[in-house]
Amino acid sequence: MTQVSNTPYEALEVGQTASFSKTVQERDIQLFAAMSGDHNPIHLDAEFAAASMFKERIAHGMFSGALISAAVACELPGPGTIYLGQQMSFQKPVKLGDTLTVRLEILEKLPKFRVRIATRVFNQRDELVVDGEAEILAPRKQQTVTLVSPPPITIG
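Just so it is clear, the structure is predicted and the values come from calculations on it, not from any experiment. (Residues numbered from 1 in each chain as written. Predicted model: local features only at pLDDT ≥ 70, side-chain atom pairs only at ≥ 80, totals over all residues. Heavy atoms only, no water.)

**What about the overall build of the protein?**
Thinking step 1. Each helix and strand in the protein was counted, giving four helices and seven strands.
Thinking step 2. Walking the protein from its N terminus toward its C terminus, one meets helices and strands in the order β-β-α-α-α-α-β-β-β-β-β.
Thinking step 3. Its C-alpha atoms give the protein a radius of gyration of 17 Å, within 12% of the compact-globule value 15 Å for 156 residues.
Thinking step 4. Each of the 156 residues in the protein was classed as buried or not, and the buried ones make up 35%.
Thinking step 5. As presented, the protein carries roughly 8,700 Å² of accessible surface, and 53% of it is formed by carbon and sulfur atoms.
Thinking step 6. Put simply, the protein has 15 plus and 17 minus side-chain charges, and the middle of one group is 4 Å from the middle of the other. (Helix = DSSP H or I, 4+ residues; strand = E, 2+ residues; numbered from the N terminus. Rg over C-alpha atoms; globule rule 2.2 N^0.38 Å. Buried < 20%, exposed > 50% of the residue type's maximum accessible area, 1.4 Å probe, protein only. Areas by Shrake-Rupley, 256 points an atom, 1.4 Å probe, with all protein chains shown as cover. Lys, Arg positive; Asp, Glu negative; His and termini not counted. Charge placed at Lys NZ, Arg CZ, Asp CG, Glu CD.)

Structure follows, in structure tokens:
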């Protein structure tokens, strides 16, 4: 178990950054399809994907969105953050084996604990795959929490 501290509204500064990385694995694609109900063959069927414009299977676009959510919830501002909105545009496909890095940057502190954050996702070649911006409600006070690991999941 990992302990994580948040950054409350008062301590956030414009220009402050954080990042979160994950390599996209087969298990991730299978679990995301099962959880989301998105069984588009471009994500799950190699033969179908080979005949597509991508020539191979790609990750669900919203998988990158989920990584942005994880970065905001666990890195900056961290635990206690409430999502108010997210704008995203997909720039490049994400492929199995890609290592994605979410880069967050505080853009603006708004009234009533609201904050605008740049949410950009890059692959291992430092290519922008998702460009976006979130609006969140920042935590009001500093706290440290223990992140709980999910139970083992079997795909069946």
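**A look at the nonpolar core**
Thinking step 1. Judged by nonpolar contacts, the single largest core of 26 residues is most densely connected at Val24, Leu100, Val102, Leu104, Val115, Val121 and Ile136.
Thinking step 2. Only α1 (26–36), α4 (61–74), β4 (99–109), β5 (114–122) and β6 (128–137) provide two or more residues apiece to this core.
Thinking step 3. Among the elements that take part in this core, α4 stands out by supplying five residues, more than any other.
Thinking step 4. Among all residues touching Val24, those that are not within four sequence positions of it are Ile29, Ala59, Phe63, Val94, Lys95, Leu96, Gly97, Asp98 and Leu100. (Core = buried A, V, L, I, M, F, W, Y, C linked by side-chain atoms within 4.5 Å. Contact = heavy atoms within 4.5 Å.)

**Some remarks on the sheet that holds strand β2 (residues 17–23)**
Thinking step 1. On the basis of which strands lie adjacent, the open sheet formed by five strands has the order β2-β4-β5-β6-β3 and antiparallel pairing. The open sheet has two edge strands, β2 and β3 (82–90), and neither has a second partner. The sheet shows a mean angle of 20° between the axes of neighbouring strands, direction not considered.
Thinking step 2. Pairing of β3 with β6 involves eight bridges; the strand directions are antiparallel. The partner of Tyr83 across the bridge, within β6, is Ile136.
Thinking step 3. Along the sheet face, α4 touches β2, β3, β4, β5 and β6 and points at about 140° away from the line of β3. (Pairing = 2+ DSSP bridges. Axes fitted to C-alpha atoms, helices over the stretch in contact; angles between N-to-C directions.)

**A word on the packing of aromatic side chains**
Thinking step 1. Enumeration over the complete set of coordinates arrives at two aromatic pairs.
Thinking step 2. With centroids separated by 5.3 Å and ring planes inclined at 70°, the aromatic side chains of Tyr9 and Phe113 adopt a geometry described as edge-to-face. Of this pair, Tyr9 sits in the loop between β1 (2–5) and β2 while Phe113 sits in the loop between β4 and β5, placing them 104 residues apart in sequence.
Thinking step 3. On the basis of an interplanar angle of 80° and a centroid distance of 5.9 Å, the ring pair of Phe32 and Phe63 is categorised as edge-to-face. Residue Phe32 is located in helix α1, and its partner Phe63 is located in helix α4; the two are separated by 31 residues in the primary sequence. Residue Phe32 shares its accessibility class with Phe63, and that shared class is buried. (Phe/Tyr/Trp six-rings, centres within 6.5 Å; stacked < 30°, edge-to-face > 60°.)

**What about the UniProt feature "domain: MaoC-like" (unreviewed entry) in the protein?**
Thinking step 1. Summarizing the sequence annotation, UniProt attributes the feature "domain: MaoC-like" (unreviewed entry) to residues 17–115 in the numbering used throughout.
Thinking step 2. Spanning residues 17–115, this segment combines 34% helix with 29% strand, and its end C-alpha atoms are found 13 Å apart. (UniProt positions renumbered as here; feature names shortened; annotations may be inferred.)

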